[in-house]
Amino acid sequence: MVLRLSERVQAVAFVAIVIVAVAGLYAVVQALQPAAVQTLVIRHARLDVQGEGWSIRYEPVATTNNTAFAILREASVALGFSLTYVPYEIPKGVFVTGINGSMNGDGGRYWEYWVDGSYGTVAADHQGLHDGDMVRWIFSIPSGGG
Amino acid sequence: MPTWQARVDEGLGDARTRILGVFLILVAILGTYWMHAFANIETVFVASLLAGSLLGRWWTVLVPLTAMAVLQPLEWGTTYRGYAIGAMTGITFFVVSGYVFVGFLGRRIRPKVLLRVKSVALLTTISVPITIGYDLWTAFGEWVFLTRPFGVTLATMLEAQVPFTLYHVLSSLIFVPLFGSAFLFLHAYGWPVRSVDRTSSKPLGRE
């Protein structure tokens, strides 16, 4: 005997299945999001921004802006240079598009960052800093982190 | 021999089909633009799938191509501006051909699509493997034109693609049933209007 469900029952069952599938997948997606960096006071962090033919240095004695992006934003406010970026929700993170008038793509160059010589592999607002860390933002032709 | 006017009429279908086609293009462009902060949460996929499965004819190709003709220059001109012309052209080819392929796959199931729960369920179910196939295709294109020159292996590229494909599947699971139900209804019954004289109580038959 074949059980025949009415259109209404089928619709309810389908909606329930879709909601469960979406909720489950959303939970997985959220679990894959990078963990937020806990705000801490860090001391003697240094920032070095190298554009094409110019550079900016910033060395706060202490700061609570303890990510590679937050210290850059702090410097842009303190020293008065422009900073443009695009915030993304999924995956969470900011994408820096321009510093001090130098925009991504100008002459095939893009903004990339390094912390203590290590190439940034996560969004800059998810890269935590520690006491004495050196953050370098360099406007260069991408080389895959090499 | 049919005139060009007759060919266009045949290719674009009746007035309802044309209006739905334009609606699908708008859904594809506006939805994707509004959600550009959410990677791979987009509406071009569902628009292409519905264009093929509901409207058929020239809309199978017109919907994805028109949406991409608007969205690709926007993308390359803003967030991703400055890439070499070869890389932009190559990746655009993979993205656009992927969506056109989605439209053609939608067209393959066209005879089975009616305003029934089963139809929405069918569209939603097949959207999952098609989404994964589309992502594999475009990830391969991105690897060829963007990351391979930097020494990135295809395996690394595909591994990095996994979370983005999960976002894309999530997008399909939300938008295919949502827009699928709405467009199946509009395709079958047209627009609800006040005047009884102007509306038909009879759904459109399949062709």
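None of the values given here were measured: they were computed from a predicted structure. Sequence order as written defines residue numbering, which begins from 1 separately in each chain. Lettering for chains starts from A, numbering for ligands starts from 1, and both go in the order in which the items are written. Whole-chain, interface and lining totals are the exception, using all residues; otherwise, since this is a predicted model, local features are given only for residues with pLDDT of at least 70 and side-chain atom pairs are given and counted only at 80 or more. Values reported for side chains reflect all heavy atoms of the structure, with hydrogen atoms and water molecules removed beforehand.

Attention shifts here to the overall build of chain A. Only DSSP runs of H or I reaching four residues or more are called helices, and only runs of E reaching two or more are called strands; each is numbered from the N terminus. Within chain A, the secondary structure is distributed over two helices and ten strands. The N-to-C order of helical and strand elements in chain A reads α-β-β-β-β-α-β-β-β-β-β-β. Over its C-alpha atoms chain A spans a radius of gyration of 22 Å, topping by over 25% the 15 Å that the globule rule assigns to 146 residues. When accessible area is computed with a 1.4 Å probe and restricted to protein chains, residues below 20% of their type maximum are described as buried, those above 50% as exposed, and intermediate ones as partly exposed. Out of the 146 residues in chain A, the part that is buried amounts to 39%. Contact between two residues is taken to exist if any of their heavy atoms lie within 4.5 Å; hydrogens are not considered. In chain A, once contacts between residues fewer than 6 apart in sequence are set aside, the share between residues at least 24 apart is 55%. For chain A, the computed accessible surface area is about 8100 Å², with 59% contributed by carbon and sulfur atoms. Positive charges are assigned to Lys and Arg, negative charges to Asp and Glu, while His and the chain termini are left out of the count. One atom stands in for each charge, and that atom is NZ of Lys, CZ of Arg, CG of Asp or CD of Glu. Here chain A holds 9 positive side-chain charges and 12 negative ones, and the gap between their average locations is 8 Å. The atom set for the radius of gyration is the C-alpha atoms, and the globule formula is 2.2 Å times the number of residues raised to the power 0.38. Working definition of accessibility: Shrake-Rupley area with a 1.4 Å probe, residue cover restricted to the visible protein chains.

Looking now at the overall build of chain B. Within chain B, the secondary structure is distributed over seven helices and zero strands. Its helices and strands in sequence order give chain B the pattern α-α-α-α-α-α-α, from N to C terminus. Burial status across chain B gives 45% buried among its 207 residues. Sequence separation of 24 or more characterises 77% of the internal contacts of chain B that already satisfy a separation of 6 or more. Accessible surface, chain B: about 10800 Å² in total, of which carbon and sulfur atoms supply 69%.

Residue and element names in this part refer to chain A. Relative to the helices and strands, Ser140 resides in strand β10 (residues 134-140). In this structure the side chain of Ser140 is engaged in a polar contact, spanning 3.1 Å, whose partner is the side chain of Glu112. Residue contacts for Ser140: discarding those within four places in its chain leaves Gly108, Arg109, Tyr110 and Glu112. Two N or O atoms form a polar contact when they lie within 3.5 Å of each other; inside protein one atom must be a possible hydrogen donor and the other a possible acceptor, and for residues adjacent in sequence the pair counts only when both atoms belong to side chains.

As a further point, take helix α1 (residues 7-32) of chain A. In an α-helix there are 3.6 residues to a turn, and that puts residues three or four apart on one side. Expected helix span is computed as 1.5 Å times (number of residues minus one). For α1 of chain A, with 26 residues, the first-to-last C-alpha span of 37 Å sits near the 38 Å given by 1.5 Å per residue. Every buried residue of α1 of chain A is accounted for by Gln10, Phe14, Val18, Val22, Leu25 and Val29 of chain A. On its buried side, α1 of chain A packs onto α6 (117-147) and α7 (154-189) of chain B.

On to the interface of chain A and chain B, then. Accessible area lost on assembly of the parts is the figure often given for the size of an interface. Residue-level contacts link 28 residues of chain A with 25 residues of chain B. At the boundary of chain A with chain B, total buried surface from both sides reaches about 2300 Å², with 72% on carbon and sulfur atoms. The salt bridge criterion pairs a side-chain nitrogen of Lys or Arg with a carboxyl oxygen of Asp or Glu, the two atoms within 4 Å. Summed over the shared surface of chain A and chain B, the result is zero salt bridges. At the boundary of chain A and chain B, one finds one residue pair in polar contact (both at pLDDT 80 or more). Looking at the side of chain A that touches chain B, the elements with two or more residues in it are α1 and β5 (83-88) of chain A. At twelve residues, the largest contribution of residues to the side of chain A that touches chain B is made by α1 of chain A. Note on residue classes: Ala, Val, Leu, Ile, Met, Phe, Trp, Tyr, Cys and Pro are nonpolar, Asp, Glu, Lys and Arg are charged, and everything else, Gly too, is polar. Looking at the side of chain A that touches chain B, its residues break down into 18 nonpolar, seven polar and three charged. As used here, buried area is the combined drop in accessible area, with a 1.4 Å probe, of two parts when they are placed together.

Bringing α7 of chain B into the picture now. Fitting one axis to the seven residues ending at a residue and another to the seven starting there, the bend at that residue is the angle between the two axes. The sharpest bend along α7 of chain B measures roughly 40 degrees and falls at Val162 of chain B, with the proline Pro163 of chain B sitting one to four residues further on. Phi turns positive one or two residues past the end of α7 of chain B, at Gly190 of chain B, with a value near 75 degrees.

Take the pairing of strand β8 (residues 110-115) of chain A next. Residue and element names in this part refer to chain A. For β8, a buried count of six out of six residues is recorded, marking the element as mostly surrounded by other parts of the structure. Examined bridge by bridge, β8 and β10 share six bridges and lie antiparallel to one another. Residue pairing across strands places Tyr113 opposite Trp137, the latter belonging to β10. Strand direction decides the pairing type here: β8 and strand β9 (residues 118-119), joined by two bridges, are antiparallel. What sits directly across from Trp114, in β9, is Tyr119. By this definition, two strands are paired if DSSP reports at least two bridges between them. Connecting the antiparallel pair β8 and β9 is a turn made up of two residues, with Asp116 showing a positive phi of about 50 degrees.

Residue and element names in this part refer to chain A. Strand order in this open sheet of three strands is β5-β6-β7, and the pairing throughout is antiparallel. Both edges of this open sheet fall to β5 and β7 (102-103), since each of them pairs with a single strand only. With two bridges joining them, strand β6 (residues 93-99) and β7 adopt antiparallel strand pairing. Residue Gly98 lies in a different strand from β7, and its bridge partner there is Met103. Interaxial angles span 0 to 180 degrees and are taken between N-to-C directions of axes, which are lines fitted to C-alpha atoms, for helices over the stretch in contact. The strands touched by helix α2 (residues 68-79) are β5 and β6; relative to β5, the strand with the most contacts, the crossing angle is about 145 degrees.

Moving on to the confidence of the model for chain B. All names here are of chain B. On average, residues of chain B score 86 in pLDDT, and 87% of them reach the 70 mark or higher. What pLDDT expresses is the predictor's confidence in each residue, scored from 0 to 100. Put simply, helix α1 (residues 4-12) is where chain B has its lowest mean pLDDT, 84, and helix α3 (residues 44-55) is where it has its highest, 95. Every residue in residues 197-207 is under pLDDT 50, and counting partners more than four places away or in other chains gives 16 contacts. In the predicted assembly, ipTM is 0.75 and pTM is 0.78.

All names here are of chain B. Only residues whose relative accessible area exceeds 30% and that form no salt bridge enter a patch; like-charged residues are grouped when within 9 Å of one another, and nonpolar side chains (Val, Leu, Ile, Met, Phe, Trp, Tyr) when within 5 Å. On the surface, a nonpolar cluster with roughly 920 Å² of combined accessible area is contributed by Ile19, Val22, Phe23, Leu26, Leu30, Tyr33, Trp34, Val70, Leu74 and Trp191. With respect to the element layout, Ile19 can be found in helix α2 (residues 15-34). For Ile19, a relative accessible area of 39% gives the class partly exposed.

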